[in-house]
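Descriptive analysis of the structure
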Amino acid sequence: MDNKFSKIKNVDDADLKNLTAVSVIEKIKSKQISCKDLVKYYLSNIEKYKNKNAILEVFDNAIIQAEKIDDMVASGASLPALAGLPIIIKDNILYKGKTCSCGSKFMQNHKAQYNATIIDRLLDAGVIILGRANMDEFALGASCENSAFGPCLNAFDNERVSGGSSGGSAVAVALDMCTVALGSDTGGSIRQPASFNGLIGSKPTYGRVSRYGLAAYGSSFDQISAITKTVEDNALILKYISGKDINDETSLNNEVPDYFNQIKKDIKGLRIGILKETKQLTDKTEYKEKYEKIAEWFKNQGAEVSEYSVPAYELGLAVYFALSFAELSSNMGRFDGVKFTTRSEDSENIDKLITNSRTEGLGKEVKRRILLGNFVLSSGNYDDYYLKALKIRKQLQLQYNDIFKKCDILISPTTIGEAFKLNNKIKNPVDMYVEDMFLANANVTGNPAITVPCGTGVDNLPLGLQMIADNLNEDILFRIADYFEKNFKEEK
Ligand code: GLN
């Protein structure tokens, strides 16, 4: 190879396979691999796994950006912290000049007018954005089957769902189409697809990451974070996307710890909690024994394991749906068929234009949730549903606060099982909603959560262990998750 990398040993695909963000950054910096080779490798995988339908668009400037990074490396220039890290973003995050369609036909021509704050932060840190990933339309779903551009298939099984709504992001990481992908999590949308595809996915404390430039679903729930191959990578990315943003009033002012450098410690003496309520739910699944063994394992590692109770636990799912639908119906009000979206052709007046554009442009699940959200907010129902849900939300927050005075993290399954078959749950919305059973509470209360692979299930597909911590205690979450990832071995 006669180019400026001729001094780099000949890199073949085997050297590029399954790299973590930490190693990509190191290898590019130390000239063990070129950024261009890596980007080309990922682009070839995007092509190779086209049938998965994980990627909606590949951006055209990735190779040029990779060459720029390689030039900087060659010239000995000082490099930004994430220099050359190839990422893929969920299709609901604004990247200036690029299409952001939210997995919807309605938005297919919408080009972002500005960068989301996290995009600015990551670009400043040197990442390369390869493309945008498939998702359930407007992030509503748990299987990616609600995408207007067709479902994204599970990384390991073409007959199963990828999970949702950030299904494309998860499959992109699992099949080496990028090193890291961004998703958004309103009721589990990062953690569930990460778990279904054997990966790490986190949901930071509400307010930890700016939502500016994320297409809003449930504004008091939404958080952006990363899907990664390792906990270390997840901690690394969170460090760069967190922190106060003047464009998002709900973003928190608290100092951002160096999550990455605080991991790699043991877990002796740490207090692990299991909720009586999640235990009862787990006992009904075929994974009862697996999670009992995990609790035992934590004890053997020197952690204290105790049982606690959040009496309002099971109301969390209903609260999530009532409030998130209400917020969605309000957030969707901006899409009037006049700006941002496609317009209906045959509308003789403005009222018809709005109605027809929304009727033609939006998918079934979006319409269902707008209707239910308006129902929840309508006079006569407001007190019985919206207000009541807000009150229970407060109770849940207080109950969780109480628990976290006594323990460091709560553990539970991430999902009720392995990735389910395509078309299995899509016909009955309630079946799909139940998927979020273990997930939604962290969004309702705002607490940070993470999923880490914990072996496989009856069909040999990945399962995840979810960990939830006190507000802003992502550092302890990463520490325990990292330890679990590196030390837990499943005995079958
Ligand atoms: N599965 C959940 C839902 O359908 C989560 C969605 C999300 O987090 N965006 O609402």
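Source: prediction; values computed, not measured.

A look at the overall build of the protein chain
- Counting its secondary structure elements, the protein chain contains 18 helices and eleven strands.
- Against the compact-globule benchmark of 23 Å for 492 residues, the protein chain has a radius of gyration of 22 Å, which places it among compact chains.
- Within the protein chain, the proportion of its 492 residues that are buried is 60%.
- In the protein chain, 75% of the contacts between residues at least 6 apart in sequence involve partners at least 24 apart.

What about the state of the cysteines?
- Tallied over the entire structure, the rule returns zero disulfides.
- The thiol of Cys 35 is unpaired, and the distance to the nearest cysteine sulfur, on Cys 178, comes to 13 Å.
- In this structure Cys 144 is a free cysteine whose sulfur lies 5.0 Å from that of Cys 152, the closest cysteine sulfur available.
- Take Cys 144: its relative accessible area is 0%, and that puts it in the buried class.

Side note on the pairing of strand E7 (residues 271-275)
- Extensive coverage of E7 is indicated by the burial of four of its five residues.
- Bridge analysis of E7 against strand E8 (residues 304-308) gives five bridges, and the strand direction is parallel. Residue pairing for E8: Gly 273 is matched across the bridge by Ser 306.
- Bridge analysis of E7 against strand E9 (residues 409-413) gives two bridges, and the strand direction is parallel. In the strand pairing of E9, Gly 273 is matched with Leu 410.

Overview of empty space enclosed by the protein
- The tally for this structure, following the rule as stated, stands at three cavities of 30 Å³ or more.
- Volume-wise, the largest cavity comes out at about 70 Å³.
- Considering the residues around the largest cavity, the lining is formed by Ala 139, Leu 140, Gly 141, Gly 164, Thr 186, Gly 187, Gly 188, Ser 189, Tyr 217, Tyr 320, Arg 369 and Asp 436.
- Per-class residue counts for the lining of the largest cavity are four nonpolar, six polar and two charged.
- Estimates place the volume of the second largest cavity at around 50 Å³.
- Together, Leu 275, Thr 278, Tyr 313, Tyr 400, Leu 410, Ile 411, Ser 412, Phe 438, Gln 466 and Ile 468 line the second largest cavity.
- Put simply, the parts of the chain that give the lining of the second largest cavity at least two residues each are E9 and strand E11 (462-469).
- A total of three residues in the lining of the second largest cavity trace back to one element, the largest contributor, which is E9.
- When its residues are assigned to classes, the lining of the second largest cavity shows seven nonpolar, three polar and no charged.

What to know about the confidence of the model for the protein chain
- Counting all residues, the mean pLDDT for the protein chain is 95, and 98% of those residues have values of 70 or more.
- Segment residues 1-8: pLDDT under 50, and eleven contacts once partners within four positions in sequence are set aside and those in other chains are kept.

Rules of the game
Residues numbered from 1 in each chain as written. Predicted model: local features only at pLDDT ≥ 70, side-chain atom pairs only at ≥ 80, totals over all residues. Heavy atoms only, no water. Helix = DSSP H or I, 4+ residues; strand = E, 2+ residues; numbered from the N terminus. Rg over C-alpha atoms; globule rule 2.2 N^0.38 Å. Buried < 20%, exposed > 50% of the residue type's maximum accessible area, 1.4 Å probe, protein only. Contact = heavy atoms within 4.5 Å. Disulfide = S-S within 2.5 Å. Pairing = 2+ DSSP bridges. 1 Å grid on protein atoms, 1.4 Å probe; cavity = no way out; pocket = protein on both sides within 12 Å on 5 of 7 lines; lining within 4 Å. Points joined across faces, edges and corners; volume = space filled by probe spheres on them. Nonpolar A, V, L, I, M, F, W, Y, C, P; charged D, E, K, R; others polar. pLDDT = per-residue confidence, 0-100.

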